[in-house]
Amino acid sequence: MGGPAPPRGIDDQEPRTVIAREPRPLRSVRRRRRRLTALTLVGLLAVGAAGCTSSGDGGDGDSAPSSPPPSSARTVVPPEPHVGFDYQIGGPYAPPPGVGAVSRDRTAKPAKGLYNICYVNAFQAQPDATDWWEENHPDLLLRSAAGAPVVDQDWDEALFDVSTPAKRERLAAIVGEWIDGCADAGYQAVEADNLDSYERSQGRLTPADDLAFARLLVDRAHAAGLAIGQKNAPDLAQRGRKLGFDFAVAEECGQYEECGPYASAFANRVLVIEYERKGLARACARWGGTLSVVLRDTGVRPAGEAGYVRETC
């Protein structure tokens, strides 16, 4: 991979000899899902279908078995359906009573005695990481026609270029080290954010591209003994399950009435985060008895910090 080691987050205690890390912000930023219109969704699915038939590298892996092969080294254990859940990617704190599973940023330590999910920004660069990627792996950033990085404007994150098998392999080697770090830290699962990066790619990526990269991440996670969660993209839930995702992390599926595809694909192993009380009410009314639902503030702040919000059904 080459290049100097980038700066490290203050909570990241891995040895500095590891060189495949991007710099980290002191706090992760949660991603709020953009809702698709029906017309846009139909168009994206059409692009994805075309990508599957024309791809020569296996596309999104629709021919994959419905369940991932067992790891030869460690046992993969997904979260239980309807487990008490807390979303702490903005900073760790003592989990409230009744919580059995918690998601935290990969730079944070797991919560003792709970099922721990490690947040990894797998398809886009962290906001302060673009310079490092430009210096060390400039060709792995997706480029516009003018040659500038394609950026998720909502969160100032440059998209990774997962459009070719060779680039996907190289990116998987880097992100794979982060996944291995999650396993070494004691996490039981990984949450791979931004499966829906193709929506923000200016038409330069397809669903098939993101799913093909996701397959590599699934294999890496399972080899490390970690379950892996699909993050958002309800329209890809069935295909995500086919290629090996073990559960789903769904933001605002109650708000936008999109929890059903996740619940069906992942047998209710779905962790739902709502950011508005209207969304919480909808999620609880329909899914409160089967899915794991939590309301968080939009900054996913630690308990005790101004603006912290957490409620459940």
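These numbers come from a predicted model, not from an experiment.

### Some details on the packing of helix 3 (residues 165–185) against helix 4 (residues 207–223)
Okay, so step 1: The geometry of helix 3 relative to helix 4 is characterised by a closest axis approach of 9 Å and an angle of 40 degrees between their N-to-C directions. Accordingly, the angle class assigned to the pair helix 3 and helix 4 is oblique. As for the relative orientation of helix 3 and helix 4, their crossing is right-handed in sense. Contact residues: Arg168, Glu169, Leu171, Ala172, Ala173, Val175, Gly176, Glu177, Ile179 and Asp180 in helix 3; Asp209, Ala212, Phe213, Leu216, Leu217, Arg220 and Ala221 in helix 4.
Okay, so step 2: In the contact of helix 3 with helix 4, the residues fall into 10 nonpolar, one polar and six charged.

### Brief notes about the packing of aromatic side chains
Okay, so step 1: Inspection of the entire model under this criterion finds five aromatic pairs.
Okay, so step 2: A ring pair is formed by Phe85 and Tyr87, whose centres lie 6.0 Å apart and whose planes are at 45 degrees; its orientation type is tilted. As far as the burial class goes, Phe85 and Tyr87 line up, both buried.
Okay, so step 3: Between Trp133 and Phe160, the aromatic rings sit 4.7 Å apart at their centres with planes inclined by 50 degrees, giving tilted as the arrangement. Separated by 27 residues along the polypeptide, Trp133 in helix 2 (residues 130–136) and Phe160 in the loop between strand 5 (157–158) and helix 3 bring together distant segments of the chain.

### Focus: the state of the cysteines
Disulfides are covalent bonds that link the sulfur atoms of two cysteine residues.
Okay, so step 1: One pass over the structure, following the stated rule, counts three disulfides.
Okay, so step 2: In this model, Cys253 is linked to Cys259 through a disulfide, with the two sulfur atoms separated by 2.0 Å. On the sign convention where negative is left-handed, the bridge of Cys253 and Cys259, at about 85 degrees about the S-S bond, is right-handed. Both residues of the pair, Cys253 and Cys259, belong to the buried class.
Okay, so step 3: Ordinal numbering of bonded cysteines along the chain defines a disulfide pattern of 1-2, 3-4, 5-6.

### Focus on the pairing of strand 8 (residues 247–251)
Successive side chains on a regular strand alternate, one facing one side of the sheet and the next facing the other.
Okay, so step 1: With respect to burial, strand 8 is a largely interior element, five of its five residues being buried.
Okay, so step 2: Sheet analysis places strand 7 (residues 227–231) next to strand 8, joined by three bridges and oriented parallel. Each residue of the ladder has a partner; that of Gln230, found in strand 8, is Ala248.
Okay, so step 3: For the crossover from strand 7 across helix 5 (residues 237–243) to strand 8, the handedness is right-handed.
Okay, so step 4: Taken together, the four bridges between strand 8 and strand 9 (residues 270–274) define a ladder with parallel strand orientation. In the strand pairing of strand 9, Val249 is matched with Leu271.

### Quick look at the pairing of strand 7
Okay, so step 1: Counting buried residues in strand 7 gives five out of five residues, a clear majority hidden from the surface.
Okay, so step 2: The two faces of strand 7 match: Ala227, Gly229 and Lys231 on one face and Ile228 and Gln230 on the other face are all buried.
Okay, so step 3: Pairing of strand 6 (residues 189–193) with strand 7, which is carried by four bridges, proceeds in the parallel orientation. Across the sheet, Val190 pairs through a bridge with Ile228, a residue of strand 7.

Conventions and cut-offs
- Residues numbered from 1 in each chain as written.
- Predicted model: local features only at pLDDT ≥ 70, side-chain atom pairs only at ≥ 80, totals over all residues.
- Heavy atoms only, no water.
- Axes fitted to C-alpha atoms, helices over the stretch in contact; angles between N-to-C directions.
- Helix = DSSP H or I, 4+ residues; strand = E, 2+ residues; numbered from the N terminus.
- Parallel < 35°, antiparallel > 145°, perpendicular 65-115°, else oblique.
- Left-handed = near helix turned anticlockwise from the far one by under 90°.
- Contact = heavy atoms within 4.5 Å.
- Nonpolar A, V, L, I, M, F, W, Y, C, P; charged D, E, K, R; others polar.
- Phe/Tyr/Trp six-rings, centres within 6.5 Å; stacked < 30°, edge-to-face > 60°.
- Buried < 20%, exposed > 50% of the residue type's maximum accessible area, 1.4 Å probe, protein only.
- Disulfide = S-S within 2.5 Å.
- Pairing = 2+ DSSP bridges.
- Right-handed = clockwise from strand over helix to strand, strands pointing away.

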